[in-house]
Amino acid sequence: MNIKDIDLNLLRVFDAVYRTRNVSRAADTLDLTQPAVSQGLTRLRLLIKDPLFMRAAGGVQPTPKADRLAPVVRTALGLLEQALNESVQFDPLQSQKTFRIHMSDIGEGRFLPDLMAHLRQQAPGVRVETQALPLAAIADALDSGQIDFAFGFLPSVKDTQRRQLLKDRYIVLLREGHPFAAEYQRRRRSGKALLDALQQLEFVAGRTHSDALRILQLLKLEDRVRLTTEHFMVLPAIVRATDLGVVMPRNIAHGFAEQGGYTLIEPPFPLRDFTVSLHWSKRFETDPGNRWLRQTLVALFGVA
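Bear in mind that the values here come from a model prediction, so they are computed numbers and not experimental data. (Residues numbered from 1 in each chain as written. Predicted model: local features only at pLDDT ≥ 70, side-chain atom pairs only at ≥ 80, totals over all residues. Heavy atoms only, no water.)

Looking at this structure, how should I read the pairing of strand S10 (residues 262-265)?
Within a regular strand, side chains alternate between the sheet's two faces. Burial along S10 is two-sided: Tyr262 and Leu264 facing one way and Thr263 and Ile265 facing the other are all buried. With 4 bridges joining them, strand S6 (residues 161-175) and S10 adopt antiparallel strand pairing. Pairing of Leu173 across the sheet is with Leu264, part of S10. (Buried < 20%, exposed > 50% of the residue type's maximum accessible area, 1.4 Å probe, protein only. Helix = DSSP H or I, 4+ residues; strand = E, 2+ residues; numbered from the N terminus. Pairing = 2+ DSSP bridges.)

For this particular structure, what's the right way to read the nonpolar core?
Nonpolar side chains in soluble globular proteins tend to be buried together. In this structure, Phe151, Val172, Phe180, Leu198, Val247, Phe269 and Leu293 are the most contacted members of the largest nonpolar core, which totals 45 residues. Setting aside chain neighbours within four positions, we find Phe180 in contact with Leu174, Leu194, Ala197, Leu198, Gln200, Leu201 and Ile265. Val17, Leu41, Leu52 and Val73 belong to the second-largest nonpolar core, a separate cluster that totals 22 residues. (Core = buried A, V, L, I, M, F, W, Y, C linked by side-chain atoms within 4.5 Å. Contact = heavy atoms within 4.5 Å.)

Can you help me understand helix H1 (residues 8-20) in this one?
Over its 13 residues, H1 runs 19 Å from end to end, which matches the ideal 18 Å to within 8%, given 1.5 Å per residue. Looking only at H1, the buried set comprises Leu10, Val13, Phe14, Asp15, Ala16, Val17, Tyr18, Arg19 and Thr20. Taken from the residues just after H1, Arg21 is the one with a positive phi, measuring 60°. (Expected span 1.5 Å × (residues − 1).)

Looking at this model, I keep getting lost on the pattern of salt bridges. Mind explaining?
Should their charged atoms come close, side chains of opposite charge can pair. Counting across every chain of the model gives 14 salt bridges. The partner of Asp15 in a salt bridge is Arg283, and the shortest N-O contact between them spans 3.8 Å. Separated by 268 residues along the polypeptide, Asp15 in helix H1 and Arg283 in the loop between strand S11 (273-280) and helix H12 (288-301) bring together distant segments of the chain. By relative accessible area, Asp15 is classed as buried at 4%. Among the residues examined, Arg283 registers a relative accessible area of 14% and is labelled buried. For Asp273, the salt bridge goes to Arg272, with nearest N and O atoms at 4.0 Å. Residue Asp273 is classed as partly exposed on the basis of its relative accessible area, which comes to 49%. Members of the salt-bridge network, linked through shared partners, are Asp15, Arg19, Arg74, Asp143 and Arg283. (Salt bridge = Lys/Arg side-chain N within 4 Å of Asp/Glu carboxyl O.)

What follows is the structure, encoded as structure tokens:
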């Protein structure tokens, strides 16, 4: 076959179906009808002389030929998109662009106030939408343009561009005047003695922050959890009103402690240290808007 026989739109259809493993979802991504996507696949199959995708539970599975083509097609589309966008200027003062960011509720509470205050001055027309996607969906969502950035501690998210922003660690947040905090200050417990003493506490936990739950499991403290909530940002208010403690990032906890009414305890947890990073797709590396917000986020939250 000859390259002149290939319609660029057929490659976009192939890329979308390969990433989503589903013709209907690919159609939604491309803003096309399902019959249009199916017709495009048929044309491409005839040109390449390979089925490319076979029916499977919940969608389709690629053939070996499709697996070989996929990274080449994705790279080619990305390079073409970058080349077309290089001459486009991004003026933050005039832009009405909407940026979409994967971020947890705890990330929203920590980072959005400073970001929105900055945008109000530097890019008053720019809008931000946050989404909390399943971890397995983040890389494809970045590549497809469904989201522009993913923000947080995301060690399982692979094949993305990333920039480390800050290092953090998990601590225990208690209300000010909590008996455990007073005993901790008096006896200056540390190391294993402090970890053992946590058996005296009862905890509240949020389902959206799995690493904090994992720490409690590793320390065999699951039976000390008296309340589990769907969202994380409600937990400090519960802590302040009760004798429950919460395992949470120190960077976030300090924000609450500065307002008064809280005490921080820093046990040597397993999995204590972690890194918050900014993720984006290589396809949009040179996109002017992507580059501008990326530089803005690094300037606001990055630590050298």
